[in-house]
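Inside the fold
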Amino acid sequence: MADYRIETVRNGERDWTARNDRGAEVRMAPADADAAQPSFTPVELLLAALGGCGGLVVDRTARTVPHDDLRITVESVSRPEDDGRVGAVRIAYELALPDGDTAAAEALERGIRLTHDTYCTVSRTVEHGARVEVTGPDGTQLFLGG
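Please read all numbers here as calculations on a predicted model, not as lab measurements. (Residues numbered from 1 in each chain as written. Predicted model: local features only at pLDDT ≥ 70, side-chain atom pairs only at ≥ 80, totals over all residues. Heavy atoms only, no water.)

Looking at where Thr41 falls in the secondary structure, it is placed in the loop between strand 3 (25–28) and helix 1 (42–61). Judged by relative accessible area, which is 15%, Thr41 ranks as buried. (Helix = DSSP H or I, 4+ residues; strand = E, 2+ residues; numbered from the N terminus. Buried < 20%, exposed > 50% of the residue type's maximum accessible area, 1.4 Å probe, protein only.)

Val58, Ala62, Val65, Leu70, Tyr93, Ala104, Leu108 and Ile112 form the largest nonpolar core, which has 8 residues in total. Ignoring anything within four residues of it in the chain, the contact list for Ala62 reads His67, Ala107, Leu108 and Gly111. (Core = buried A, V, L, I, M, F, W, Y, C linked by side-chain atoms within 4.5 Å. Contact = heavy atoms within 4.5 Å.)

Another point: a nonpolar patch on the surface. On the surface, Val132, Val134, Leu142 and Phe143 cluster together to form a nonpolar patch covering roughly 360 Å² of accessible area. When residues of the nonpolar patch are traced back to their parent elements, those giving at least two are strand 6 (132–135) and strand 7 (141–145). Position of Val134 relative to the elements: it lies in strand 6. (Patch = residues over 30% accessible without salt bridge, like charges linked within 9 Å, V, L, I, M, F, W, Y side chains within 5 Å. Areas by Shrake-Rupley, 256 points an atom, 1.4 Å probe, with all protein chains shown as cover. Salt bridge = Lys/Arg side-chain N within 4 Å of Asp/Glu carboxyl O.)

Turning next to the pattern of salt bridges. Enumeration according to the criterion identifies 8 salt bridges in this entry. Notably, a salt bridge pairs Arg19 with Glu25, separated by 2.6 Å at the nearest N-O pair. The exposure class of Glu25 is exposed, given its relative accessible area of 52%. Between Arg131 and Glu133 there is a salt bridge; the shortest N-O distance is 2.6 Å. What emerges from the salt-bridge pattern is a single network uniting Arg5, Glu7 and Asp21.

Turning next to the pairing of strand 7. Two elements, strand 6 and strand 7, share 4 bridges in a ladder whose sense is antiparallel. What sits directly across from Val132, in strand 7, is Gly145. Counting the residues that bridge the hairpin from strand 6 to strand 7 gives 5 residues, and of these Gly139 lies at a positive phi of roughly 90°. (Pairing = 2+ DSSP bridges.)

Here we take up the sheet that holds strand 1 (residues 6–12). Reading across the sheet, the 3 strands line up as 1-2-3 and stay open at both edges, with antiparallel pairing between neighbours. Both outer strands of the open sheet, strand 1 and strand 3, are each paired with one neighbouring strand and no more. Here the strands of the sheet are splayed against their neighbours by 25° on average, with no regard to which way each runs. In this structure, strand 2 (residues 15–20) lies alongside strand 3, joined through 4 bridges in antiparallel fashion. By the bridge assignment, Trp16 is partnered in strand 3 with Met28. (Axes fitted to C-alpha atoms, helices over the stretch in contact; angles between N-to-C directions.)

Distances and angles like these do not, on their own, reveal function.
Written out as structure tokens, the structure is:
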């Protein structure tokens, strides 16, 4: 299992950039921060991670099914009683399979189930939760949850 490290730096008020050690960057800001567009919100990045992880794993778990046109849509659904959290995540896999090709449909469905049951680290972490450990600038633990 890989360990990951992301550094997030402030560009300006309500405008941040996350970078990985391979040089990739993604800009984050609230949807209403006009000066920081284009950007993703943090929740959109969580949803993108779910869709991306699902797609990368389906590339392995359903490789016998042609799926170049696979589209994965991920939506968050929250209610006031969810208290500042995403209440539910809906992931939809969309792919037109040849009519009557039950073997391809079954293989794709099996691949998607395996993706979320076993192999997608992001989906499994969201489903089961993770321990969150927060330290301040002096190394003092400020929060421990999960």
